[in-house]
Amino acid sequence: MSRVVTRSINDQTGLRCLDLVQTDAGSHIWLECRRDPEDSHGWRVVFYAAKEFASVAEALNDARERVAWLDEETAE
C-alpha cells in the first residue's frame, strides 16, 4: 500500500506531530506521532484514525476531536 503525507502539523515542542495521509485508494487517514530526543529511532506512531475518510478535511476534523493538542496548533 502506497501512502503520501499531504500535511504534517507539529506541536510547539516539536515532539508531537499529526500526519494527514492519502492512501493509494484515494482515502485519507491520520496518524499522531511522537519522538523522544534521547532515542535515535525517530518518529513513533502513538495513535491513529480507526477508519478511513473521504477527504483530508474529514480526517482533520476527526483528529481534532481525538488529539488534545491539535486545536491549540491549528486554527483552520
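So, here's what we can say about the structure.

Conventions adopted
- Residues numbered from 1 in each chain as written.
- Predicted model: local features only at pLDDT ≥ 70, side-chain atom pairs only at ≥ 80, totals over all residues.
- Heavy atoms only, no water.
- Helix = DSSP H or I, 4+ residues; strand = E, 2+ residues; numbered from the N terminus.
- Rg over C-alpha atoms; globule rule 2.2 N^0.38 Å.
- Buried < 20%, exposed > 50% of the residue type's maximum accessible area, 1.4 Å probe, protein only.
- Contact = heavy atoms within 4.5 Å.
- Polar contact = N/O pair within 3.5 Å; in protein donor to acceptor, adjacent residues only side chain to side chain.
- Salt bridge = Lys/Arg side-chain N within 4 Å of Asp/Glu carboxyl O.

Below, the discussion takes up the overall build of the chain. A count of helices and strands for the chain gives two helices and four strands. For the chain, whose C-alpha radius of gyration is 12 Å, the value lies close to the compact-globule estimate of 11 Å for 76 residues. Along the three orthogonal principal directions, the C-alpha set of the chain runs to about 35 × 30 × 20 Å. The buried share of the chain, reckoned over its 76 residues, is 36%. When contacts within the chain are restricted to residue pairs at least 6 apart in sequence, long-range pairs at least 24 apart make up 37% of them.

Residue position: Asp39 is located in the loop between strand E3 (28-34) and strand E4 (44-48). Separated by 2.9 Å, the side chain of Asp39 and the backbone nitrogen of His41 make a polar contact.

Let us now look at the pattern of salt bridges. Taken as a whole and judged by the stated rule, the model has five salt bridges. With a shortest N-O distance of 3.0 Å, Arg34 and Asp36 are connected by a salt bridge. Using a relative accessible area of 22% as the deciding quantity, one classes Asp36 as partly exposed. Between Arg44 and Asp39 there is a salt bridge whose closest N-O contact spans 2.6 Å. Salt bridges sharing common partners tie together Asp62, Glu65 and Arg66.

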